Every structure is written in C-alpha cells, then in structure tokens.
Amino acid sequence: MSAKQATESGFKKFKDFLFSKQSLRYMCTTHFWGPVSNFGIPVAAILDLKKEPDLISGPMTGSLIMYSLVFMRYSLAVTPQNYLLFGCHFVNEIAQLGQGFRWAKHHYVDTPKKEIEPVPEAST
C-alpha cells in the first residue's frame, strides 16, 4: 500500500465516521455544543496572556479557577461522561492558573517596596 492509498483510506474512514448517524446525532446535542461554545473562555484567557498583568482581575480569575474545577468534576460525574466538557475546563484551568500566577506576581512580588522615610525630629 502506498502512502497516497493509506492517506486516502484514512481520510475515507474519518469521513465515514464524521458523517455517520451516531456522530451527527451527537453533534445535535448539548453534550457537544455546550463545551464548544464554552471554549471561548479559555481561548480568551490564553490570548490575554500577552496583555499587561495590571489588567487582570484577581477575584474574577479566582472565580474562574474554582468554576473550572467544579465543572471538570461535573463532566465526569454525569452519564454519559462528557470528555469534551472536561477538556474545555482543563484547558481553562491551566490558562486561569497562568493568569492567577501573573496577577499574584504583579501585585505581590514585582511591586517595589516603599522606603520608609525618617520622620523629621521636631525642634523645641
């Protein structure tokens, strides 16, 4: 079998799987479209990694970290398990943790410490 035949065979198998009744039925459910539409959150977080860290909201980043942890657990607790939802929230968890570390570093590590100026003595 040549490389061209193998490629065509692999493409045909993929096309047959993609357009099968089972795949089309799955793509018409919330198990598919919920996670697909939810992927906007981690994509935005990944794109925000290039922005200045003073634009990051610490409380919102913390909330999104907790949100993704809860829904990663939920995606494996439902029947049938929703691995696409798990993947979406796993990517979001990693992106939000990156944002959280950037926020903490900016606010607690990189801030210059103010020098304490000596108080001038009062003359009597």
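Residues numbered from 1 in each chain as written. Predicted model: local features only at pLDDT ≥ 70, side-chain atom pairs only at ≥ 80, totals over all residues. Heavy atoms only, no water.

Some thoughts on the overall build of the protein
Spelled out, the test is: In DSSP terms, a helix is any run of H or I states spanning at least four residues, a strand is any run of E spanning at least two, and both are numbered starting from the N terminus. Throughout, the radius of gyration refers to the C-alpha atoms, and the reference size of a globule is 2.2 Å times the residue count to the power 0.38. Whether a residue is buried, partly exposed or exposed follows from its accessible area with a 1.4 Å probe, protein chains only, as a fraction of its type maximum: under 20%, in between, or over 50%, in that order. Contact criterion: two residues are considered in contact whenever any of their non-hydrogen atoms come within 4.5 Å of each other. All accessibility values rest on the Shrake-Rupley procedure with a 1.4 Å probe; residue burial counts only the protein chains present in the view. The charge count treats Lys and Arg as positive and Asp and Glu as negative. His and the chain ends do not count. Throughout, a charge is located at the NZ atom of Lys, the CZ atom of Arg, the CG atom of Asp or the CD atom of Glu.
Secondary structure summary: the protein contains six helices and zero strands in total. Reading the secondary structure of the protein in the N-to-C direction produces α-α-α-α-α-α. A compact globule built from 124 residues would reach a C-alpha radius of gyration of about 14 Å, whereas the protein, at 25 Å, exceeds it by more than 25%. Seen along its three principal axes, the alpha-carbon backbone of the protein occupies a region of about 100 × 40 × 15 Å. In the protein, which comprises 124 residues, the proportion classed as buried is 21%. Sequence separation of 24 or more characterises 74% of the internal contacts of the protein that already satisfy a separation of 6 or more. For the protein, the exposed area adds up to about 9900 Å²; of that, 67% sits on carbon and sulfur atoms. If the 13 positive side-chain charges of the protein are averaged to one point and the 10 negative ones to another, these points end up 22 Å apart.

Here we look at the confidence of the model for the protein
Note: predicted coordinates in regions of low pLDDT should not be interpreted at a detailed level. Rules: Per residue, pLDDT measures the predictor's confidence, with a range of 0 to 100.
When pLDDT is averaged along the protein, the result is 85, and 92% of the positions lie at 70 or above. At the level of individual helices and strands, the protein shows its lowest average pLDDT in helix H2 (residues 21-26), which scores 74, and its highest in helix H5 (residues 58-77), which scores 95.

Regarding H5
To be explicit about the condition: Here the expected span of a helix is defined as 1.5 Å times the quantity of residues minus one. What the arc measures is the spread of directions leading from the helix axis to the C-beta atoms. Distance and chemistry together define a polar contact, namely a pair of N or O atoms within 3.5 Å, with one atom able to donate a hydrogen and the other to accept it when in protein, and with adjacent residues in sequence counting only for side-chain atoms on both sides.
Its 20 residues place the ends of H5 29 Å apart at the C-alpha level, agreeing with the 28 Å of an ideal helix rising 1.5 Å per residue. All buried positions along H5 are accounted for by Gly-58, Thr-61, Leu-64, Ile-65, Ser-68, Met-72 and Ser-75. Viewed end-on, H5 has its buried residues packed into an arc of 120°, placing them on one side of the element. Residues of H5 that are exposed and angled more than 90 degrees away from the buried face: Pro-59, Val-70 and Arg-73. Between the side-chain oxygen of the N-cap and the backbone nitrogen of Met-60 there are 3.3 Å, and the N-cap of H5 in question is Ser-57.

What to know about the pattern of salt bridges
Which entries qualify depends on this criterion: What counts as a salt bridge is simple: a side-chain nitrogen of Lys or Arg found within 4 Å of a carboxyl oxygen of Asp or Glu.
Enumeration over the complete set of coordinates arrives at two salt bridges. A salt bridge links Asp-48 to Lys-51; the shortest N-O distance between them is 3.4 Å. In this structure, the salt-bridge partner of Asp-110 is Lys-105, at a minimum N-O distance of 3.6 Å. A relative accessible area of 45% means that Asp-110 is categorised as partly exposed.

A look at unusual backbone geometry
Residue Pro-80 follows Thr-79 across a cis peptide bond; omega there is -5°. Within the secondary structure, Pro-80 sits in the loop between H5 and helix H6 (83-109).

Structural notes on the environment of Ala-44
Along the chain, Ala-44 falls in helix H4 (residues 40-47). The exposure class of Ala-44 is partly exposed, given its relative accessible area of 35%. Sequence spacing of Ala-44 and Ser-23 is 21 residues, and the spatial spacing of their C-alpha atoms is 28 Å.

Here's the deal with the side chain of Glu-93
By the element assignment, Glu-93 lies in helix H6. Salt bridges are absent for the buried Glu-93, whose nearest opposite-charge side chain, Arg-73, sits at 14 Å. Ignoring sequence-local partners within four residues, the contact set of Glu-93 consists of Ile-65, Ser-68, Leu-69 and Met-72.

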